[in-house]
Amino acid sequence: MTQEYSQTLTIQARHGIHTRPGALFVKAAKAFQADIILSCGGKEANGKSLFRLQTLPLSKGAQVSLIARGDDARAAVDALAQLLLELE
């Protein structure tokens, strides 16, 4: 049975999650086996694709849901949520 874990957080980065911090997020997401999905503003995107991530309105103050499905889902969400909160 596939594990699913999620967390909702608020983007803190002053300029939102643009290309540079987005690339850092994607690199970190690719370290996990789990499928990573970000949901924001009614849209969803693959967290392992910078191109897809850039289609989301990830501006400062935006609410984003981070969803992972797979064996390391909880570890992925915990690590990636922390990263999202630390990105500038």
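Provided above is the structure to which this section pertains.
The rules behind the values
- Residues numbered from 1 in each chain as written.
- Predicted model: local features only at pLDDT ≥ 70, side-chain atom pairs only at ≥ 80, totals over all residues.
- Heavy atoms only, no water.
- Core = buried A, V, L, I, M, F, W, Y, C linked by side-chain atoms within 4.5 Å.
- Buried < 20%, exposed > 50% of the residue type's maximum accessible area, 1.4 Å probe, protein only.
- Helix = DSSP H or I, 4+ residues; strand = E, 2+ residues; numbered from the N terminus.
- Contact = heavy atoms within 4.5 Å.
- Pairing = 2+ DSSP bridges.
- Axes fitted to C-alpha atoms, helices over the stretch in contact; angles between N-to-C directions.
- Salt bridge = Lys/Arg side-chain N within 4 Å of Asp/Glu carboxyl O.

Focus on the nonpolar core
Membership of the largest hydrophobic core comes to 27 residues, with the highest contact counts inside it found for Phe25, Ile36, Leu38 and Leu84. Contributing elements (two or more residues each) for this core: helix H1 (19–29), strand S2 (35–40), strand S4 (63–69) and helix H3 (73–86). For this core, the element with the highest residue contribution is H3, accounting for six residues. Each residue touching Leu84, except ones within four places of it in the same chain, is listed here: Leu9, Ile11, Ile17, Phe25, Leu38 and Val64.

Details of the sheet that holds S4
Pairing is antiparallel in the open sheet, where four strands are placed in the order S1-S4-S2-S3. If you trace the sheet from one side to the other, it starts and ends with strand S1 (4–10) and strand S3 (43–46), each paired once. Averaged over all neighbouring strand pairs, the angle between strand axes comes to 20°, with direction disregarded. Two elements, S2 and S3, share four bridges in a ladder whose sense is antiparallel. Paired with Ile37 across the two strands is Asn46, which belongs to S3.

Focus on the environment of Gly16
Structurally, Gly16 can be placed in the loop between S1 and H1. Considering only alpha carbons, one finds Gly16 and Leu58, 42 residues apart in sequence, at a separation of 5.5 Å. Those residues in contact with Gly16 that sit more than four places away from it in its chain are Ile11, Pro21, Leu58, Ser59 and Lys60.

Quick word on the pattern of salt bridges
As enumerated under the stated definition, the model contains two salt bridges in all. The partner of Glu4 in a salt bridge is Arg69, with the nearest N and O atoms 2.7 Å apart. Here Glu4, found in strand S1, pairs with Arg69, found in strand S4; they are 65 residues apart in sequence, far enough to count as distant. The class of Arg69 is partly exposed, set by a relative accessible area of 35%. Here Arg74 and Asp78 are joined by a salt bridge, their closest N and O atoms 3.9 Å apart. Of this pair, Arg74 and Asp78 both sit in helix H3, four residues apart, which is roughly one turn of that helix.

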